Amino acid sequence: MLYRENGQFKTSYRADQAVFPIAQDRIAIGALLAFAIVVVPFVAPEYLFRAILIPFLILSLAALGLNILVGYCGQISLGTGAFMAVGAYAAYNFQVRIEGMPLIASLLMGGVCATAVGVLFGIPSLRIKGLYLAVATLAAQFFTDWAFLRIKWFTNDSASGSVSVAGLNVLGLPIETPVQKYLFCLAFLIVFGMLAKNLVRGHIGREWMAIRDMDVAAAVIGIRPVYAKLTAFAVSSFIVGVAGALWGFVHLGSWEPAAFNIDRSFQLLFMVIIGGLGSIMGSFFGAAFIVVLPIVLDNLPYWFGIPIDTALASHLTFMIFGALIVFFLIVEPHGLARLWSIGKEKLRLWPFPH
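Residues numbered from 1 in each chain as written. Predicted model: local features only at pLDDT ≥ 70, side-chain atom pairs only at ≥ 80, totals over all residues. Heavy atoms only, no water.

**So, the environment of leucine 69**
The condition is simple: Numbering of helices and strands runs from the N terminus; a helix is a DSSP stretch of H or I covering at least four residues, while a strand is a stretch of E covering at least two. Burial here depends on accessible area, computed with a 1.4 Å probe over protein chains only, as a share of the maximum for the residue type. Under 20% is buried, over 50% is exposed, and the range in between is partly exposed. We call two residues contacting when some pair of their heavy atoms lies within 4.5 Å.
For leucine 69, the position within the fold is in helix H3 (residues 46-72). Residue classification places leucine 69 among the buried residues on the basis of a relative accessible area of 1%. A sequence separation of 31 residues divides leucine 69 from glycine 100, and the C-alpha atoms of the two residues are 34 Å apart. Among residues more than four places away in sequence, those in contact with leucine 69 are Gly74, Gln75, Ser77, Ala232, Phe233 and Ser236.

Rendered as structure tokens:
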């Protein structure tokens with residue numbers, strides 16, 4: 001009886017078009033944000049920040065960007081790791097080559113550079129689609145891997161090929177401890193999450209979904225496929241590029257091109273598929289599934305005192321993880337976000353059968 005819309009009348013266009021029109025949703029989201037901002041920094045141990053929370057926030061941001069392209073616009077991409085790498089290396093070059101460059105400006109400029117590369121590799125989407133487009137975006141992955149390994153300018157002539165950043169600060173406030181890094185990433189995720197939610201609810205989001213559902217019919221009713229597809233690539237690449245910069249600057253601190261290899265692209269694609277295509281909430285569910293579940297499976301034998309070889313535990317983790325992915329996709333092909341939506345619909349009717 002707690003999740004009901006009875007009596008929640010909408011008397012204005014603003015109320016009808018609110019991001020969270022149901023009062024219970026607004027309360028739940030407000031409580032969750034308050035818990036994440038106020039409570040978690042004081043109660044969570046350092047290991048939780050470094051191993052789970054910070055990677056979860058950054059990968060959620062990257063999955064959010066990819067979901068805009070794949071879930072909302074229907075353009076398959078296997079080059080997400082490449083756009084993350086462009087964002088990270090571009091932000092690094094802005095930081096080290098421009099004296100006094102603010103950290104946030106460097107991260108955002110990294111996203112802008114990723115946008116340019118994303119639009120460039122998104123141009124083939126105007127002529128091809130499906131698996132052919134996936135192969136075209138895969139070319140971005142191999143090209144960036146080669147460029148950041150062979151062209152020394154990108155790494156500031158580093159002999160080892162790896163780069164590192166230190167002494168991060170925003171307006172004189174240091175970003176050094178795990179709590180500070182967590183709050184910094186959380187702020188980015190909240191801002192970009194709200195921007196993405198409003199984008200997909202507006203006219204540009206409706207254009208993306210029309211292109212996804214049937215691009216020929218969308219063109220007939222006046223939607224420009226060129227504009228819709230390239231804006232989807234641009235917005236997606238920008239968010240993914242900022243996420244890549246955060247991954248390098250905040251989570252890793254020191255990295256090389258292998259940190260953004262093709263495995264990262266597949267990992268993000270799995271997040272979007274498991275979480276739910278065309279769902280902002282699904283990006284968070286998918287990131288939580290991919291980040292948290294392997295850690296839980298690795299530690300499960302030790303929690304229950306089961307003697308098991310380390311190598312065997314590692315292989316069992318991959319096997320169980322893969323089986324769970326297949327199970328979830330069979331039970332609910334639309335992802336965990338759909339299961340969440342079904343649960344909310346049942347709560348609206350409970351305890352009545354219909």
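**Looking at the packing of aromatic side chains**
Put simply, the rule is: Any two rings among Phe, Tyr and Trp, with Trp reduced to its six-membered ring, count as a pair given centres within 6.5 Å; such a pair is stacked if its planes are under 30 degrees apart, edge-to-face if over 60, and tilted if neither. Two conditions define a charge sitting above a ring: the NZ of Lys or the CZ of Arg must be within 6 Å of the ring centre, and it must be within 35 degrees of the ring normal.
Throughout the structure, instances matching the rule amount to 14 aromatic pairs. Look at phenylalanine 249 and tryptophan 255: their rings are 5.9 Å apart centre to centre, the planes differ by 35°, and that puts the pair in the tilted class. For the pair phenylalanine 249 and tryptophan 255, one class covers both residues: buried. Cluster of aromatic residues (ring-pair linked, three or more members): Tyr89, Tyr92, Phe148, Trp153, Phe154, Phe249 and Trp255. Directly above the aromatic system of tryptophan 153 lies the positively charged group of arginine 97, at a separation of 4.2 Å from the ring centroid. Sitting over the face of the ring of tyrosine 227, arginine 224 holds its NZ or CZ atom 4.7 Å from the ring centroid.

**Considerations on the packing of helix H7 (residues 178-201) against helix H8 (residues 203-213)**
Using the following cut-off: Each axis is a line fitted through C-alpha atoms, taken for helices only over the stretch in contact, and angles between the N-to-C directions span 0 to 180 degrees. Our angle categories are set so that under 35 degrees counts as roughly parallel, over 145 as roughly antiparallel, 65 to 115 as roughly perpendicular, and the remainder as oblique. Think of it as three bins: nonpolar holds Ala, Val, Leu, Ile, Met, Phe, Trp, Tyr, Cys and Pro, charged holds Asp, Glu, Lys and Arg, and polar takes everything else, Gly as well.
Where H7 meets H8, the closest approach of the two axes is 4 Å, and the angle between their N-to-C directions is 65°. By the angle between their axes, H7 is roughly perpendicular relative to H8. Here H7 contributes Leu199, Val200 and Arg201 to the contact with H8, which in turn contributes Ile204, Gly205, Arg206, Trp208 and Met209. For the contact of H7 with H8, a count of residues per class yields 5 nonpolar, 1 polar and 2 charged.

**Some points on the pattern of salt bridges**
This is how it is decided: Salt bridge, as applied in this entry: a Lys or Arg side-chain nitrogen positioned within 4 Å of an Asp or Glu carboxyl oxygen.
Considering all chains together, one arrives at 4 salt bridges under this definition. Taking the shortest distance from any N to any O, the salt bridge between glutamate 46 and arginine 50 comes out at 2.8 Å. One end of the pair, glutamate 46, and the other, arginine 50, are both in helix H3, 4 residues apart, so they sit about a helical turn from each other. With a closest N to O distance of 3.7 Å, arginine 338 and glutamate 345 form a salt bridge.

**Some thoughts on the layout of surface pockets**
Left-over empty space is what a probe sized like a water molecule reveals as it rolls over the atoms. Rules: Cavities and pockets are defined on a 1 Å grid built over the protein atoms alone: a cavity is a set of grid points where a 1.4 Å probe fits but cannot escape, while a pocket is an open set with protein on both sides within 12 Å along at least five of seven lines, and lining residues are those with an atom within 4 Å of any such point. Grid points are joined across faces, edges and corners, and a volume is the space filled by probe spheres set on the points.
As a volume, the largest pocket reaches approximately 1600 Å³. Together, 48 residues line the largest pocket, and Phe20, Ile29, Leu32, Met281 and Phe284 are the ones closest to its centre. Of all the secondary-structure elements, those providing two or more residues to the lining of the largest pocket are helix H2 (23-43), H3, H7, helix H12 (280-303) and helix H14 (336-349). When residues in the lining of the largest pocket are grouped by element, the largest group, 9 residues, is from H2. In the lining of the largest pocket, the residues fall into 33 nonpolar, 7 polar and 8 charged. Empty space within the second largest pocket amounts to approximately 410 Å³. Forming the boundary of the second largest pocket are 17 residues, of which Gln267, Ile290, Pro294, Phe318 and Phe321 lie nearest the centre. Going through the elements one at a time, helix H11 (262-275), H12 and helix H13 (310-331) are the ones with two or more residues in the lining of the second largest pocket.

Everything listed is a geometric property; what it means functionally is a separate question.
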